[in-house]
Amino acid sequence: MPDVLVATDADWILDEVDAALAGPDCAVARVRRGKDVVPAIEQLEPALVVLDLQMGNMGGIAACTSVRQEELAGRIGEIAILLLLDRDADVWLASEADADGWLIKPLDAFRLRAAAEAVLAGGTWYEGVDAPATA
């Protein structure tokens, strides 16, 4: 699996993502603030960004929107984005932010790995009562 950037201020989320995705061919890097996501993408060039919905004053939705705007402006290349949502009610926000996929907490390694593999392969991964069908 290619390298992953995780944006979260919660240590347990980093631990979950690291346990599910890190390995000999995959390094997991972390930023603690949403405003640090784009600079970290420019520096590290990860294949996947995992964004926690709730982070300080710039959460996962705002960070996802920022990444998509940078892509549209041609300042960074396309990148797969997974959002980690707190509840079903957050699904609409995730879809509006143009995430490639999202999981609803609590996380588990099997779902997280399956979601990462799906979006890295160019597909999607959606969870929640109002989520579109996963392709």
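Residues numbered from 1 in each chain as written. Predicted model: local features only at pLDDT ≥ 70, side-chain atom pairs only at ≥ 80, totals over all residues. Heavy atoms only, no water.

Caption draft 1: Layout of unusual backbone geometry. A cis amide bond links Lys-105 to the next residue, Pro-106, at an omega of 10°. In this structure, Pro-106 sits in the loop between β5 (101–104) and α5 (109–120). The phi torsion at Glu-45 lies on the positive side, around 50°, for a residue other than glycine. Checked against the element boundaries, Glu-45 lands in the loop between α2 (37–44) and β3 (48–52). (Helix = DSSP H or I, 4+ residues; strand = E, 2+ residues; numbered from the N terminus.)

Caption draft 2: Region of interest: helix α1 (residues 11–21). Taken as a whole, α1 has its buried residues at Ile-13, Leu-14, Val-17, Ala-20 and Leu-21. With its buried residues spanning 140° around the axis, α1 presents them on a single face. In α1, the exposed positions angled more than 90 degrees off the buried face are occupied by Asp-15 and Ala-19. Where the residues of α1 are buried, they touch β1 (4–7), β2 (28–31), β3, β4 (80–85) and α5. (Buried < 20%, exposed > 50% of the residue type's maximum accessible area, 1.4 Å probe, protein only. Arc of directions from axis to C-beta. Contact = heavy atoms within 4.5 Å.)

Caption draft 3: Molecular detail of the packing of α1 against α5. One way to put it is that α1 packs onto α5 with a least axis distance of 9 Å and a crossing angle of 70°. It follows from the interaxial angle that α1 and α5 lie roughly perpendicular. Note on packing geometry: the crossing formed by α1 with α5 is right-handed. Across the interface between the two elements, Glu-16, Val-17, Ala-20 and Leu-21 of α1 pack against Ala-109, Leu-112, Arg-113 and Ala-116 of α5. Residue classes in the contact of α1 with α5 are distributed as 6 nonpolar, no polar and 2 charged. (Axes fitted to C-alpha atoms, helices over the stretch in contact; angles between N-to-C directions. Parallel < 35°, antiparallel > 145°, perpendicular 65-115°, else oblique. Left-handed = near helix turned anticlockwise from the far one by under 90°. Nonpolar A, V, L, I, M, F, W, Y, C, P; charged D, E, K, R; others polar.)

Caption draft 4: Local environment of the packing of aromatic side chains. Enumeration over the complete set of coordinates arrives at 1 aromatic pair. Aromatic side chains Trp-102 and Tyr-126 sit 4.4 Å apart centroid to centroid with 40° between the ring planes, which places their arrangement in the tilted category. Here Tyr-126 lies in the segment after α5 and Trp-102 lies in strand β5, a separation of 24 residues in the sequence. There is no split in this pair, since Trp-102 and Tyr-126 are both buried. (Phe/Tyr/Trp six-rings, centres within 6.5 Å; stacked < 30°, edge-to-face > 60°.)

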